[in-house]
Amino acid sequence: MKSHKFDPYLKYGLFFMFMIGLAGTACADANRPVYYNWYEDTENTVIDNSGHGNNGINYGSATFTLPTGQTARYFNGHNRITIPENKQLAYTDPHITFGVFFRYDSSNPADCTYLVSRSNNICRLSIDHTDSKIKYEICADGHTISGCSECQVEPDEDYEAAVTYDGSHVQLYINGIASGKGVDYTATSLGSDNNTNGWTIGSSPDSEYGLYGTIYSFYIYDRALSSSEILDLYVNDIHSIRDSNRPGGIALSWDDTGNIDTCYRHLDIFRKYNATCTMNVNKISNREIPAETLVNELDELHSAGWEIAGHGYNHINSRLFLINNTSEEWLDQEVFPNIVEITSYGYPVYTLTYPFSDRHPASDAILAPYFRTLRTGIPNYGQSINQTPLAYYDWDGSRLLYGVEIDESRGVSLESIEYGIDYAIATGNVLVLYGHTITPNVTAEYQTSTARLEAILNYTYQHGGAFYNMGDLGNPSWVRPARFSDATANFTVSANHLFAGKNVTFTDYSTNQTTESLDFGDGSPVSSTANVNHTYITPGIYTANLTVTNDVSNDSMLQTINVVEPAIPIANFTSNCTTGHQPLSIAFEDTSTGVRTSWIWDFGDGNISMIQNPEHEYSATGSYSVTLTVANDEGSNQTQKENYITVLPQPPSADFYSDVTSGDAPLKVQFCDTSTGAPSSWNWDFGDGDTSTEKNPVHTYYKDGTFKVNLAVCNAGGTSSKTATITVDKESNGGGGGGGAGGSPEPAENVKVKELSQAFVANGNHVKFDFSKNVTDVVYLSFDAGKTAGKTTTIVEMLKNQSILTPEAPEGEVYSFLNIWVGNSGYATEKNIENAIVCFRVKKSWIEDKNIARSSVILNRYSDKKWNELPTYLLGEDNRYLYFTSETQGFSQFAITAKRTVIEILPENGEPEQNGNIEPYPGEEFNKTDKEISRKEKFSMPGFKTVFCIFGLLGMYLFKRKSN
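Quick caveat, the model's predicted, so the values are computed rather than measured.

Chemist: Looking at this model, I keep getting lost on the overall build of the chain. Mind explaining?
Modeler: Each helix and strand counted, the chain has 11 helices and 65 strands in total. Burial status across the chain gives 49% buried among its 964 residues. Pairs at least 24 apart in sequence give 67% of the contacts found in the chain among residues at least 6 apart. Element-wise, carbon and sulfur atoms account for 48% of the exposed surface of the chain, whose accessible area totals about 44800 Å².

Written as structure tokens, this is what we have:
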């Protein structure tokens, strides 16, 4: 839906606004001398914060807060607020607008109520309760100009009354709409010889004719506002007090059962604009169109979102009927049958539309309990909606709505209806419309053409208006009477099993019933209430049947009563299970025979229960005996089931790892159990015929082959197993054969990432393993092979934390921990490899953040139960990394470390500084591929570009300064 914003009144001329509760529409302006803020109230003084000292005097009006957070003032007929004379009010120019935003109570006096006045007769707005109209007076050149509203105002509704005078014409507005044609009179000044500038709000100046009700705001402008400005003022004010985000729109309804068919046949027009309406129906039977056809058509309308509402069963004029008949007769003959018939077809009734739109406040009061919304027609509004505010529902909870007839014969112009739609959308109100017969060509009274209908729907739809049903409006606190709601039978009995001669207490919990009938099932008289005691004399099984009814529905409920001869019960029970893992929840069921009035359960774990069918949870393992004792007035009986419940521990979950998974025979493997769930036994099957019951066994494979290793772990709760594979190759004799891939004893949860590389290892060759994926800190490693291993896999593991295989960390700032595994376990030893090199990299950002000296970067290897620093050399750099090489005697656990320093100064020749035993590396060149190190990056002295840039900028600054 569209939202509408209204400009504040900054562009208008001199004015000042007195806000009781809200001064939000008034803003300071260079030409606006007075601004009153009624939030500020010190005892009896209403304080003006304009700086002019124009304090108002409060004679007892009470401040309260609205749901929107606004404040307003309540007047009890004896209160008032006066605004004393002051220079800001002392003007006589005849151009003026004054008004008041108010609500009055039904307890106001029978003659007149003053809303606001200047002096006694210079300017005045009041309510004449004899005809419920707003009256106004303006004194100009000593002459009194007066008039009244064309529409009536009603108690407990919000109204904004405003009067404008431009020196020649006086006009009254109600809720932003001009009421009447106004009065023409030309004058040069306001007031008379006895001119007074003070204003009184809530009563006359002499405290007579006081208001019982609320005033939200009072305002004055020193010019006559235009009609559009008056409407904007009302829109702004009504939104300030209404806590509603509902969009404005229309509520369109169609009267009389005879017009169901025309609405049904033109349903596609409504669907085109997503429009729903209300269908107001009389008695459906005895029509030219069969009742079954009409009900089917109503079903289609209701399925499309339409409301089905009442229109009087016999379409009788209510006002005339009540002259000679009682209200009970009217309800029984005209109203209730209408509700019952509509409800019987499955449509809930919210609304009644008065036949002939003829009503009286007395009939409204009679109908109030039975309907959320009442609709009548607007009296005496001519051919224009523009003349009345009654056609709009403003979400104030009013039950009575006034509708505008749109049939062509009524003479209301389409332009007037479109104006009403615009007004409703702007104010957030709902324009109430109704018609009768829909037809392509109008040939008689009470007909609306399809062209006119489509124009109204299209205009509303295109301008962002909403479509409402009548039942969406009205009194939101209304509750449907029980007699017209679905009746539901519900009752309880004090016992379903009892001894003969004992009483049963029936308790009624039924809803919405108007009549009840309780049949006890034993042939005794039926009870008209379900709140009753009954005695069953003879043993037997009886069915008690409660039936409840109201005007629109009925319902029944049954209960079985088992009556037996007095006897001691026989205890017995069962449960949903008897064995399970902890914690074990058991549902016990009493299966005892005979009448039982009490139960005592002993669950065997120190806990008891006294309900018939309890649930109990066992938290500890073990076996438990359960005892049930049942009793009645004749005595008790007990049964015990020994060791009835067995609670087992949770079963284990098998898991393990090995230090290697492949290698040459003989292959020695360390197996480590990592099972969870507290296993109590371990059974290893190594796949070669050997077994073990140790937790962490060591096993040697002497033959080659692939072996499936199975671990089965057990406890009292069950068994679990896991299988893994060990691959054993033939013993190497220095010839061909594969080096395989050594397993890692590092737990998987400590490995951040790993990368594999394969190469063929032959005796006497230089072997290099490249790690081209760049997921670890190792770039490559190489060595001279002293033994043939064949195709060999090398694994680099980047660790999250220190390896579990190293008991302590190395000295210095740790950059990362690494594991390097080459081939099968035991291959990469000093007798098999020579001249081993590890090339690794370190991020420059880490070097800078930690204040690390490049020359202090060291690769450490853990061997001989300690960390050993390896000879390390700075090989080169690119834009992100420094690259180093280190010499090692073997491969195992590594750590890259460094030392913090304050500043690092490279020698002038650009050669890397040495640290400790680090010497310039004379050997292998740094030969990564172009993909691994960008072709465009050149190794360069750090900081040179930065220094060059600084000198360049300094030179430009000096040149510019000299030029100036």
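Chemist: What is the right way to look at the nonpolar core in this model?
Modeler: Core analysis: the largest hydrophobic core is formed by 71 residues, its most contacted members being Trp254, Phe270, Met279 and Leu433. Leave out the neighbours within four places in its chain, and methionine 279 touches Trp254, Asp255, Asp256, Asn259, Ile260, Cys263, Leu298, Leu301, Trp306, Glu307, Ile308 and Ala309. Listed in part, the 36 residues of the second largest apolar core include Ile122, Val153, Trp199 and Ile201.

Chemist: Would you take a moment to explain the state of the cysteines for this structure?
Modeler: Put plainly, two cysteines are in a disulfide when a covalent bond ties their sulfur atoms together. One pass over the full model with this rule turns up zero disulfides. This cysteine, cysteine 277, is not joined by any disulfide, and cysteine 263 carries the nearest cysteine sulfur, 7.2 Å off. The exposure class of cysteine 277 is buried, given its relative accessible area of 1%.

Chemist: How should the packing of helix H1 (residues 227-241) against helix H8 (residues 414-427) be read in this particular structure?
Modeler: Packing of H1 against H8 brings their axes to within 9 Å, and their N-to-C directions diverge by 40 degrees. Relative to H8, the element H1 lies oblique. Contacts between H1 and H8 involve Leu231, Tyr234, Val235, Ile238 and His239 on the former and, on the latter, Tyr423, Ala426 and Thr427. Taken together, the residues of the contact of H1 with H8 break down into six nonpolar, two polar and no charged.

Chemist: So what exactly am I meant to see when it comes to the packing of aromatic side chains here?
Modeler: Each aromatic ring pair is summarised here by two numbers: the centre-to-centre distance and the angle between the ring planes. Inspection of the entire model under this criterion finds 38 aromatic pairs. A ring pair is formed by phenylalanine 573 and tyrosine 644, whose centres lie 5.5 Å apart and whose planes are at 85 degrees; its orientation type is edge-to-face. Highlighted residues: phenylalanine 573 in strand E38 (residues 573-575) and tyrosine 644 in strand E45 (residues 635-648), separated in sequence by 71 residues. One exposure class covers both phenylalanine 573 and tyrosine 644, and it is buried. Between phenylalanine 840 and phenylalanine 884, the ring centres sit 5.5 Å apart and the planes meet at 15 degrees, which makes this aromatic pair stacked. With a gap of 44 residues between them, phenylalanine 840 in strand E60 (residues 833-843) and phenylalanine 884 in strand E64 (residues 881-888) connect regions that are remote in the sequence. Each member of the pair, phenylalanine 840 together with phenylalanine 884, is buried.

Chemist: Help me out: how do you make sense of the pattern of salt bridges in this one?
Modeler: Opposite charge on two side chains permits pairing when their charged atoms draw close. Here the structure, examined in full by the defined rule, presents 20 salt bridges. Aspartate 655 is paired through a salt bridge with lysine 722; the nearest N and O atoms lie 2.6 Å apart. One end of the pair, aspartate 655, is in the loop between E45 and strand E46 (656-658); the other, lysine 722, is in strand E53 (residues 718-729), with 67 residues separating them in the sequence. Here the salt bridges share partners, and the residues they tie into one network are Asp268, Arg271 and Glu300.

Chemist: I would appreciate a short explanation of the confidence of the model for the chain in the present structure.
Modeler: Parts of the prediction with low pLDDT should not have their coordinates interpreted in detail. The predicted model of the chain averages 84 in pLDDT, with 84% of residues at 70 or higher. The low-confidence segment residues 903-951, where pLDDT is below 50, has 54 contacts with residues more than four positions distant or belonging to other chains. In this model, residues 958-964 is a region of pLDDT below 50 whose contacts with residues beyond four sequence positions or in other chains number zero contacts.

Chemist: So what exactly am I meant to see when it comes to the sheet that holds E60 here?
Modeler: Remark on secondary structure: sheet strands pair via backbone hydrogen bonds, oriented parallel or antiparallel. Spatial strand order, E56-E57-E60-E64-E63: five strands in an open sheet with antiparallel pairing. In this open sheet, the two strands that pair with only one neighbour each are strand E56 (766-770) and strand E63 (872-877). Across the sheet, the axes of successive neighbouring strands diverge by a mean angle of 20 degrees, strand direction being ignored. When E63 meets E64, the two strands line up antiparallel, connected through five bridges. Along E64, the bridge assignment pairs glycine 876 with tyrosine 883.

Chemist: Please explain the packing of H8 against helix H9 (residues 450-462) as it appears in this structure.
Modeler: Working note: a packed helix pair is described by the angle between its axes plus the distance between those axes. Remark: H8 packs on H9, axes separated minimally by 10 Å, with the N-to-C direction vectors making an angle of 25 degrees. When the axis of H8 is compared with that of H9, the two are roughly parallel. Once H8 is placed against H9, the crossing between them reads as right-handed. Seen from H8, the contacting residues are Leu414, Ile417, Glu418, Ile421 and Asp422; seen from H9, they are Arg452, Ala455, Ile456, Tyr459 and Thr460. When grouped by side-chain class, the residues that make up the contact of H8 with H9 number six nonpolar, one polar and three charged.

Chemist: It is not clear to me how the environment of phenylalanine 491 should be interpreted in this structure. Could you clarify?
Modeler: With respect to the secondary-structure elements, phenylalanine 491 resides in strand E31 (residues 491-493). For the pair phenylalanine 491 and tyrosine 509, spaced 18 residues apart in sequence, the C-alpha to C-alpha distance is 5.2 Å. Setting aside its immediate chain neighbours within four residues, phenylalanine 491 contacts Phe506, Thr507, Asp508, Tyr509, Ala544, Leu546, Met557, Leu558 and Gln559.

Chemist: Would you explain H8 in this entry?
Modeler: At 3.6 residues per turn, the α-helix brings residues three or four places apart onto the same side. Along its 14 residues, H8 runs 20 Å from first to last C-alpha, staying within 8% of the 20 Å computed at 1.5 Å per residue. Restricting attention to buried positions, one finds in H8 the residues Ser416, Ile417, Gly420, Ile421, Tyr423, Ala424, Ile425, Ala426 and Thr427. Elements that come into contact with the buried residues of H8 comprise strand E16 (177-178), H1, strand E20 (249-255), strand E25 (392-393), strand E27 (430-435) and H9. Just beyond H8, the residue with positive phi is glycine 428, at close to 80 degrees.

Thresholds applied
Residues numbered from 1 in each chain as written. Predicted model: local features only at pLDDT ≥ 70, side-chain atom pairs only at ≥ 80, totals over all residues. Heavy atoms only, no water. Helix = DSSP H or I, 4+ residues; strand = E, 2+ residues; numbered from the N terminus. Buried < 20%, exposed > 50% of the residue type's maximum accessible area, 1.4 Å probe, protein only. Contact = heavy atoms within 4.5 Å. Areas by Shrake-Rupley, 256 points an atom, 1.4 Å probe, with all protein chains shown as cover. Core = buried A, V, L, I, M, F, W, Y, C linked by side-chain atoms within 4.5 Å. Disulfide = S-S within 2.5 Å. Axes fitted to C-alpha atoms, helices over the stretch in contact; angles between N-to-C directions. Parallel < 35°, antiparallel > 145°, perpendicular 65-115°, else oblique. Nonpolar A, V, L, I, M, F, W, Y, C, P; charged D, E, K, R; others polar. Phe/Tyr/Trp six-rings, centres within 6.5 Å; stacked < 30°, edge-to-face > 60°. Salt bridge = Lys/Arg side-chain N within 4 Å of Asp/Glu carboxyl O. pLDDT = per-residue confidence, 0-100. Pairing = 2+ DSSP bridges. Left-handed = near helix turned anticlockwise from the far one by under 90°. Expected span 1.5 Å × (residues − 1).

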